[in-house]
Amino acid sequence: MLILGRRFARPARRPAALLQGLPYLVWAGAGFVALAGAAVLGVLVGPVHIGLGTVVQSFLAPIPWLHMTAIDPGQASILWSLRIPRVVLGAIVGAMLAAAGAAYQGVFRNPLADPYLLGAAAGANLGATLAIAFAPGSTLIGVNVVPLAGFAGAGLAVAGAYALGQTVTGLRNTTGLILAGVAIAAFFNAVQTYVQQAQTSNIRQVYSWILGRLVTAGWDGVLLVLPYVVLSIAVIVLYRRLLDALSVGDEEVTSLGISARRVRLIVVVAATLGTAAVVAIAGTIAFVGIIIPHTVRLLVGRSYRVVIPLSLLFGAAFLMLADTAARTVAAPAELPIGVITAFVGAPFFIVVMRSTRAAAL
Amino acid sequence: MREHHIGLAGLAAIGMIVTACGATTSSVSSSPSAHFPVTINGSSGATVTIIKQPHRIVSLSPTATEMLFAIGAGSQVVAVDDQSNYPASAPMTKLSGFQPNIEAIAAYTPDLVVASDDTAGLVHGLGALNIPILIEPAAKNMSDSYLQIEQLGTATGRVGDATSLEKKMRSDLASIVASIPKPARPLKVYHELDDTYYSATSATFIGQVYALLGLKNIADGATAAAPDYPQLSAEYIVSSSPDLIVLADTKCCHQDVNTVSARPGWRSIAAVRSGQVINVDDDIASRWGPRVVDFLRAIAPHVKQLEAQAA
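Analysis parameters
Residues numbered from 1 in each chain as written. Chains lettered and ligands numbered in written order. Predicted model: local features only at pLDDT ≥ 70, side-chain atom pairs only at ≥ 80, totals over all residues. Helix = DSSP H or I, 4+ residues; strand = E, 2+ residues; numbered from the N terminus. Rg over C-alpha atoms; globule rule 2.2 N^0.38 Å. Buried ≥ 20, exposed ≤ 12 C-beta atoms within 10 Å, placed from the backbone. Contact = placed C-beta atoms within 7 Å. Pairing = 2+ DSSP bridges. pLDDT = per-residue confidence, 0-100. Nonpolar A, V, L, I, M, F, W, Y, C, P; charged D, E, K, R; others polar. Axes fitted to C-alpha atoms, helices over the stretch in contact; angles between N-to-C directions. Parallel < 35°, antiparallel > 145°, perpendicular 65-115°, else oblique. Core = buried A, V, L, I, M, F, W, Y, C linked by C-beta atoms within 7 Å. Right-handed = clockwise from strand over helix to strand, strands pointing away. Left-handed = near helix turned anticlockwise from the far one by under 90°. Expected span 1.5 Å × (residues − 1).

## Focus on the overall build of chain A
- A tally of regular secondary structure across chain A gives 16 helices and two strands.
- Taken over the C-alpha trace, chain A has a radius of gyration of 21 Å; the compact-globule value for 361 residues is 21 Å, and the two agree within 12%.
- Scored against the burial criterion, the 361 residues of chain A give a buried share of 52%.
- Considering only contacts in chain A between residues 6 or more positions apart, those separated by 24 or more positions represent 78%.

## Focus: the overall build of chain B
- Counting its secondary structure elements, chain B contains 12 helices and 11 strands.
- Per-residue burial over chain B gives 49% buried out of 311 residues.
- Considering only intrachain contacts with a sequence separation of at least 6, the fraction spanning at least 24 residues in chain B is 59%.

## Considerations on the pairing of strand β2 (residues 38–41) of chain B
Residue and element names in this part refer to chain B.
- Residues Val38 and Ile40 of β2 are buried on one face, while the alternating residues Thr39 and Asn41, pointing to the opposite face, are not.
- Bridging between β2 and strand β3 (residues 47–50) involves four bridges; their strand directions are antiparallel. The residue of β3 that forms the bridge with Val38 is Ile50.

## A word on the confidence of the model for chain B
All names here are of chain B.
- Averaged over chain B, the pLDDT score is 86; the fraction of residues at 70 or greater is 88%.
- In this model, residues 1–33 is a region of pLDDT below 50 whose contacts with residues beyond four sequence positions or in other chains number 65 contacts.
- Taken together, the chains of this predicted complex give a pTM of 0.81 and an interface ipTM of 0.76.

## Focus on the interface of chain A and chain B
- The partner chain B presents 37 residues to the 43 residues of chain A that form the contact.
- Elements with a contribution of two residues or more to the side of chain A that touches chain B: α5 (73–108), α9 (203–211) and α16 (337–355) of chain A.
- For the side of chain A that touches chain B, a count of residues per class yields 22 nonpolar, 15 polar and six charged.

## So, the packing of α5(A) against helix α11 (residues 240–248) of chain A
All names here are of chain A.
- At a minimum axis separation of 7 Å, α5 and α11 run at an interaxial angle of 40°. Taken together, the axes of α5 and α11 are oblique relative to one another. Side by side, α5 and α11 meet where Ala103, Gly106 and Val107 of the first sit next to Leu243, Leu246 and Ser247 of the second.
- Of the residues contributing to the contact of α5 with α11, the split by class is four nonpolar, two polar and no charged.

## Considerations on the sheet that holds strand β5 (residues 77–80) of chain B
Residue and element names in this part refer to chain B.
- Here four strands make up an open sheet; going across it, the order is β5-β4-β6-β7 and the pairing parallel. The open sheet has two edge strands with one neighbour each: β5 and β7 (133–135). Neighbouring strand axes in the sheet, compared pairwise and without regard to direction, differ in orientation by 20° on average.
- Contacts from helix α2 (residues 62–70) reach β4 (57–59), β5 and β6 (112–115), with the element oriented near 135° to β4.

## Quick look at the nonpolar core
- Membership of the largest hydrophobic core comes to 168 residues, with the highest contact counts inside it found for Ala99(A) and Val278(A).
- The element contributing the most residues to this core is α5(A), with 21 residues.
- With residues up to four places along the chain from it excluded, the contact list for Val278(A) reads Ile92(A), Val93(A), Met96(A), Leu97(A), Val225(A) and Val229(A).
- With 36 residues, the next largest nonpolar core counts Leu68(B), Ile135(B), Ile149(B) and Val159(B) among its residues.

## Quick word on the confidence of the model for chain A
All names here are of chain A.
- Taken as a whole, chain A shows an average pLDDT of 84; of its residues, 91% reach a score of 70 or greater.
- The secondary-structure element of chain A with the lowest mean pLDDT is helix α1 (residues 2–7), recorded at 41, while helix α15 (residues 304–328) shows the highest, at 94.
- Across residues 1–13, where pLDDT falls below 50, the model places 10 contacts with residues more than four positions away in sequence or in other chains.

## Here's the deal with the pairing of β5(B)
All names here are of chain B.
- In this sheet, β5 lies alongside β4 in parallel orientation, the contact comprising three bridges. Following the sheet pairing, Ser59 is matched in β5 by Val80.
- Following the chain from β4 across α2 to the adjacent parallel β5, one finds a crossover that is right-handed.

## Notes on the environment of Arg241(A)
Residues and elements named next belong to chain A.
- Its location among the elements puts Arg241 in helix α11.
- Judged by the 13 C-beta atoms lying within 10 Å of it, Arg241 falls in the partly exposed class.
- Note: C-alpha distance between Arg241 and Tyr24 (217 residues apart in sequence) is 16 Å.

## A word on the sheet that holds strand β10 (residues 244–247) of chain B
All names here are of chain B.
- Spatially, four strands are ordered β9-β8-β10-β11 in an open sheet, and the strand pairing comes out parallel. Two strands in the sheet have a free side with no partner beyond their single neighbour: β9 (216–217) and β11 (277–279).
- Where strand β8 (residues 188–192) meets β9, two bridges bridge the pair, whose relative direction is parallel. Across the sheet, Val189 pairs through a bridge with Asn217, a residue of β9.

## A short note on unusual backbone geometry
- The omega torsion across Ala331(A) and Pro332(A) is 5°, close enough to zero to call that bond cis.
- The omega angle of the peptide bond from Tyr86(B) to Pro87(B) is -5°, so this bond is cis rather than trans.
- In the Ramachandran plot, Arg109(A) falls in the positive-phi region, its phi being about 50° despite a non-glycine side chain.
- Of note, Arg109(A) is situated in the loop between α5 and α6 (120–134).
- The class for Arg109(A) is partly exposed, based on 15 C-beta atoms found within 10 Å.
- For Phe287(A), which is not glycine, the phi dihedral falls at a positive 85°.

## Here we look at the packing of α6(A) against helix α7 (residues 145–167) of chain A
All names here are of chain A.
- Across the interface, α6 lies against α7 with an axial gap of 6 Å and an inter-helix angle of 140°. Between α6 and α7 the crossing geometry is right-handed. Contact with α6, carried on its side by Ala120, Ala122, Gly123, Ala124, Leu126, Gly127, Ala128, Leu130, Ala131 and Ile132, involves Val145, Val146, Ala149, Gly150, Ala152, Gly153, Ala154, Leu156, Ala157 and Val158 of α7 and no other residues of that element.

## A few points about α2(B)
All names here are of chain B.
- Where burial is concerned, most of α2 is hidden: nine out of the nine residues are buried.
- Where α2 is concerned, the buried positions are Pro62, Thr63, Ala64, Thr65, Glu66, Met67, Leu68, Phe69 and Ala70.
- Where α2 is buried, its residues contact β4, β5, β6, α5 (142–156), α6 (159–178) and α11 (282–286).
- Two residues or fewer past α2, Gly72 is found with a positive phi of approximately 80°.

## Considering helix α13 (residues 260–282) of chain A
All names here are of chain A.
- Taking 1.5 Å per residue, 23 residues should reach 33 Å; α13 reaches 32 Å between its end C-alpha atoms and fits that length.
- Of all the 23 residues making up α13, 18 are buried; the element is thus mostly covered by neighbouring parts of the structure.
- Following α13 by one or two positions, Gly283 adopts a phi angle in the positive range, close to 80°.

Structure, rendered in structure tokens:
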């Protein structure tokens, strides 16, 4: 990849290469603009038409001294109970998956690492399938048991992979972990498929769950994931410098007097916590955790001090846009968001890859 | 990446399950008497010849099971699949209609197998064993359903029973439909298949049943995306404000009027405000057999009530 990239390097044919020289702060500004733009678009566009004036009026109505009249309660409930929580949740999920993907890639020094590498998705799917099959409709402290089981399953799978990976000797540490994750994911997938085949009457719900639940999410979903995501992102942001050291090698971290294994564990636990929470609410949304961090690397730089914050911003913006497309392209029907993220994301990523220095990967 | 493939595979699988009704209609070419052998022009152009009256029938389709028992052929049935939960006297086994296992089916030494789909090489596999198989796919309307009852009558040597069942269903449906006053404006209905808002358009059997009652199906607005079973967006359902919500996810997903009115924004829907949220049995609402009459009987009083209020 490195050699090929140099041999065929023809700067004149790479328009995006011009963007590569821009300083970090310009990119951060662009990230905030993208975030705001995606949020505004997400609030304004939906299967039900609500005019710009009405939306503005609805935002201003609670301010007492403006004396604005409240908008039609039907439109208000569509806007505030259905559309806005979904836009907010899209931002949270996108930011979390992109940051977790970046963190995993740093921890494992592997460009293909995504937040589901250690079995988070397989575990969540198994947990949810078991709950749908054997405890349908039940709640725990007022919360539907299905997302809770998904959350627990994701945590369990990653914990299992980590414990298993630690026992492997003779391999480089991260290789053992990755292989353990692959094994755990395959095993959990097998059990999940078995349970699902044995319970064919529930098959639809299982697939609905795997395809994602942004469709039905409201403010309660936002509140459910927020604490985990905030904690997870805080840890990842605080560890961005150590991720830089870790991406060079374990020795680099050790030379700072810090245990590389401990850094790895803390980052994996943090990223898993956030990933498990968003998977439990939103289902398995692929590709965000891979393309967003890599696009940032290609355009801005490899340092995690840049990759983490920009992945948060662009991940949030990307998923808000993808969800806006998911609920409007086929309106009034829904499209699965995972289809949009891969269908749009994959070609976009290839364009970015071709038009920048591939060596940056 | 791996998970994404699973997602797509899942999507395809849902497609397979919900759109299992794409097959063509079929017709009976035999004489109406019970003289065997009979030849039935099944779906997908295949003809099925049954040499003598079957006494060891295996049904892998819950709807076919209901039809067989309703035409009095229940005593000729030796095994039904794991989803055939009606009538209670049907000999339910662990056989699967989704993942049929040819060996397990053959172990019952059937002289006729009835299924709704040719999955996992079912027709080919049973053909190799010289076991006749009749595919009765998901009906698209009442005519399809009547045709299947006639075919099962021919196949089991119970033409007379099948004809009288069909007559009874026709007259029951006609009297229910006649009891409902002509609407001033069509009432809007939302039929819910699960709690992620999958619904059924008028291109489906259940949609045709709503059309019989003169109801306007809000899922028809989404036919461009999915002609039969689209997933509707919550915004669209709320803004359509259906007069009637029919929950066909009471068993699968434990939905009822309370869970529906607790959904964010749903309290503004006409049906939720007026309490016209109807619980139906998921199974009755997803099958195209004789119990469609029960389904209509459950819906009709609500339609009458709404029409009376409107008048």
